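Coordinates in review
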Amino acid sequence: MQHLYDMRSSELAAWLESLGEPRYRGKQVFQWLYQRRVRSVAEMTNLPKALRQRLADQAVLATAREVTRQVSQVDGTVKFLLGWPDGVTVETVLMRHDYGNSVCVSTQVGCKMGCAFCASTLGGMIRQMTAGEMVEQLLASQRLLDATDERVSSVVLMGSGEPMDNYDQAMKFIDIIRDPDGLNIGQRHITLSTVGLVPGIVRLADEGRPITLAVSLHAPTDELRSALMPVNKAYPIAKLLEACQYYYRKTGKRISFEYALIGGKNDALEHARQLAELLRGLPCHVNLIPVNYVPERNFQRTPKAQVQAFLQELRRLGVNATVRREMGHDIAAACGQLRAEHAARPAP
Ligand code: SAH
């Protein structure tokens, strides 16, 4: 079976050609999938009947089912838990901002990066998500928005998993969703967040997809960062920042750094000063995120006053920084928690 959501427009055209169809059918089918968002081949009414039959026999559209959905009463954030036939589940989140609707997509089931504060890595890496499965996550939100004639305006690859550890599928996903014949999400509105896999950053810089790069930094020294993020032993801060400089030079896009504030670990003013020193000369923006509580981890959140003090210290030293607004805190929208809750529940 061929998964239709798993192909770029050009790949769809080539596949249809291999079935003896004219190439332009690729664009037609692509538009049905992403502009009209049909749920079955039968609805693709400008295709000849014989072709529709053939596609119905040889291809599939949706493969995921919605396991659960939570809607925040506070800010309208919607968190979906999607499940696939092999039993895996991942979360995807729709966030409503004044400037538009953004969707957070998971790129792997679980994760093998081992960050000390993160829930997604607790059970290790289960398997990769295919590009088509990432597309299905986005469509879950877009279909909900279709009811009110709204659209997904931005996408962040910031759910479970490390996108640079699933590079080809992540890039295929990006190509599919930014295609003007489809969902047409502008590349300026696509953000990929990485734990800091340097070869992936360099490759992304070289390949000409100038999306926004977010780098999970979380600590200003190698000692501290290695304790929180094992990946730092392979790609220490100096190497990582060199790759970020390269990304900026190649794409002209400033880097976004994520810094989760963990009480008593990385949230002293001295850390803010070290961070400012580190980032001097690199066009960037720092996103401060009070760490989300993960029961298995027991890291404490930095108190609000200290978050503000940290922020002000960075700004005083000329660093562009903001505190990330929390979304959906009433529905445990924090990373991995819906999936974890579901797994902990006894089977019905
Ligand atoms: N693997 C990628 C993207 C997934 S995680 C990466 O590491 O960037 C998305 C962001 O959430 C990362 O910055 C990650 O470090 C952060 N994160 C993970 N667990 C968190 C927690 N408990 N509290 C706050 N941020 C967390």
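What you see is a predicted model; the values in this text were computed from it and never measured.

Overview of the domain arrangement of the chain
Segmentation of the chain into domains returns domain 1 (2-60) and domain 2 (65-344). Using C-alpha coordinates to define each centre, domain 1 is positioned 33 Å away from domain 2. On the domain 1 side of the interface with domain 2, the three residues burying the most area are Tyr5, Arg8 and Arg37, jointly 44% of the side's total. Counting across the domain 1 and domain 2 interface gives three salt bridges. Of the charged contacts, one joins Arg8 and Asp175 as a salt bridge, the two residues approaching to 2.8 Å between their closest N and O atoms. For the interface between domain 1 and domain 2, the tally reads eight residue pairs in polar contact (both at pLDDT 80 or more). Looking at the side of domain 1 that touches domain 2, the elements that each hand over two or more residues are α1 (9-18) and α2 (24-36). Sorting elements by how many residues they give to the side of domain 1 that touches domain 2 places α2 first, with five residues. Along the lines of polarity and charge, the residues of the side of domain 1 that touches domain 2 split into five nonpolar, three polar and six charged.

What to know about the site of the ligand
The environment of the ligand is formed by 15 residues, the closest being Glu162, Ser193, Ser216, His218 and Asn292. Residue Thr194 places a main-chain N or O atom 3.4 Å away from an oxygen atom belonging to the ligand. Here an oxygen atom of the ligand and a side-chain polar atom of Ser216 are 2.6 Å apart. Protein contact buries 94% of the 530 Å² of open area that the ligand shows by itself. For the shell around the ligand, the class distribution of residues is six nonpolar, seven polar and two charged.

Structural notes on helix α3 (residues 49-58)
Among the residues of α3, those classed as buried are Leu51, Arg52 and Leu55. An end-on view of α3 places all buried positions within 100 degrees of arc, on one side of the element. When the buried face of α3 is taken as reference, the exposed residues oriented beyond 90 degrees from it are Lys49 and Ala50.

Side note on the packing of α1 against α2
Two elements in contact, α1 and α2, have axes separated by 8 Å at closest approach and are oriented at 125 degrees. When the interaxial angle is binned, α1 and α2 end up oblique. Our pair here, α1 against α2, has a crossing hand that is right-handed. Where α1 abuts α2, its residues Ser9, Leu12, Ala13 and Leu16 lie against Arg25, Gly26, Lys27, Val29, Phe30 and Leu33. Residue classes in the contact of α1 with α2 are distributed as six nonpolar, two polar and two charged.

About the thresholds
- Residues numbered from 1 in each chain as written.
- Predicted model: local features only at pLDDT ≥ 70, side-chain atom pairs only at ≥ 80, totals over all residues.
- Heavy atoms only, no water.
- Domains from an automatic or database assignment.
- Buried area = accessible area lost by both parts, 1.4 Å probe.
- Salt bridge = Lys/Arg side-chain N within 4 Å of Asp/Glu carboxyl O.
- Polar contact = N/O pair within 3.5 Å; in protein donor to acceptor, adjacent residues only side chain to side chain.
- Helix = DSSP H or I, 4+ residues; strand = E, 2+ residues; numbered from the N terminus.
- Nonpolar A, V, L, I, M, F, W, Y, C, P; charged D, E, K, R; others polar.
- Near = heavy atom within 4 Å.
- Areas by Shrake-Rupley, 256 points an atom, 1.4 Å probe, with all protein chains shown as cover.
- Buried < 20%, exposed > 50% of the residue type's maximum accessible area, 1.4 Å probe, protein only.
- Arc of directions from axis to C-beta.
- Axes fitted to C-alpha atoms, helices over the stretch in contact; angles between N-to-C directions.
- Parallel < 35°, antiparallel > 145°, perpendicular 65-115°, else oblique.
- Left-handed = near helix turned anticlockwise from the far one by under 90°.
- Contact = heavy atoms within 4.5 Å.

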